[in-house]
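# Examining the three-dimensional arrangement
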Amino acid sequence: MNHLTRRYVLRAAGVTILAGVTGAATPPKQTLTGQEIEMVLQVARLGAVYPVPFPDEHGVSQATAERLRVRLPELAPARFQLVRDAVRDLAAAGLTGASRDRLLDGLARKAADNGGDALTALTALAVATVSTDFSPNDDTAAVFWLGGLRQRHLRLKGDRRS
């Protein structure tokens, strides 16, 4: 085997090994069930109109299962489980398929009761579904929106005492 051929074989073998290692490091595909998708979309549709509508290029029309599936691979694996936990929590609270007002009240109550990282992760994914200006791993818009819901809930709760 001459020097040039040996170098070619070794280089080709190295590329093959590198490709195998890279492939093995790929995280498993993250998928949501139909119920989980619908809950994320419920939050996305609500966030797209409350308290003010998103601009026309985003908004409710972008809150689709296809759009969510496109954004889902961007979600960090650790956040994926948080999204699932939040969906389960909202479903246990009877918010699956809830009316807009009931969902708004339920999310505001969860936010006021410190919905935590799970609710924030779900909300960030919902925001990213509606607008490509946001990453599903960026909590900025989600924290802001949930803070507004928290204040709404506390204000309404105070009004009921009067």
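It should be noted that the structure appears before, not after, this text.
None of these values were measured; they are calculated from a predicted model.

## Some thoughts on the pattern of salt bridges
Within the structure shown, the criterion is met by 7 salt bridges. Between Arg 84 and Glu 36 there is a salt bridge, with its nearest N and O atoms 2.9 Å apart. Taken together, the residues Arg 84 in helix α4 (residues 77-92) and Glu 36 in helix α2 (residues 34-47) connect sequence positions 48 residues apart. Taking relative accessible area as the criterion, Glu 36 reaches 8% and is therefore assigned buried. With a closest N to O distance of 2.5 Å, Asp 139 and Arg 79 form a salt bridge. Placement of Asp 139 in the loop between α6 (116-130) and α7 (140-161) and of Arg 79 in helix α4 is noted, with a sequence separation of 60 residues between them. On the basis of relative accessibility, which here comes to 26%, the residue Asp 139 falls in the partly exposed class.

## Some points on the layout of surface pockets
In this approach the atoms are scanned with a rolling probe the size of a water molecule, which exposes any empty space left behind. If you add up the space inside the largest pocket, you get close to 380 Å³. What lines the largest pocket is a set of 19 residues, among which Gly 47, Tyr 50, Pro 51, Phe 144 and Trp 145 lie closest to the centre. Elements supplying a minimum of two residues to the lining of the largest pocket: α2, α6 and α7. The element contributing the most residues to the lining of the largest pocket is α7, with 5 residues. Class assignment for the residues of the lining of the largest pocket results in 16 nonpolar, 3 polar and no charged.

## Some words on the side chain of Thr 129
In this fold, Thr 129 is placed in helix α6. Taking the relative accessible area as the measure of exposure, Thr 129 reaches 0% and is therefore buried. Ignoring anything within four residues of it in the chain, the contact list for Thr 129 reads Leu 41, Gln 62, Ala 63, Thr 64, Arg 67, Leu 68 and Arg 71.

Rules and cut-offs
Residues numbered from 1 in each chain as written. Predicted model: local features only at pLDDT ≥ 70, side-chain atom pairs only at ≥ 80, totals over all residues. Heavy atoms only, no water. Salt bridge = Lys/Arg side-chain N within 4 Å of Asp/Glu carboxyl O. Helix = DSSP H or I, 4+ residues; strand = E, 2+ residues; numbered from the N terminus. Buried < 20%, exposed > 50% of the residue type's maximum accessible area, 1.4 Å probe, protein only. 1 Å grid on protein atoms, 1.4 Å probe; cavity = no way out; pocket = protein on both sides within 12 Å on 5 of 7 lines; lining within 4 Å. Points joined across faces, edges and corners; volume = space filled by probe spheres on them. Nonpolar A, V, L, I, M, F, W, Y, C, P; charged D, E, K, R; others polar. Contact = heavy atoms within 4.5 Å.

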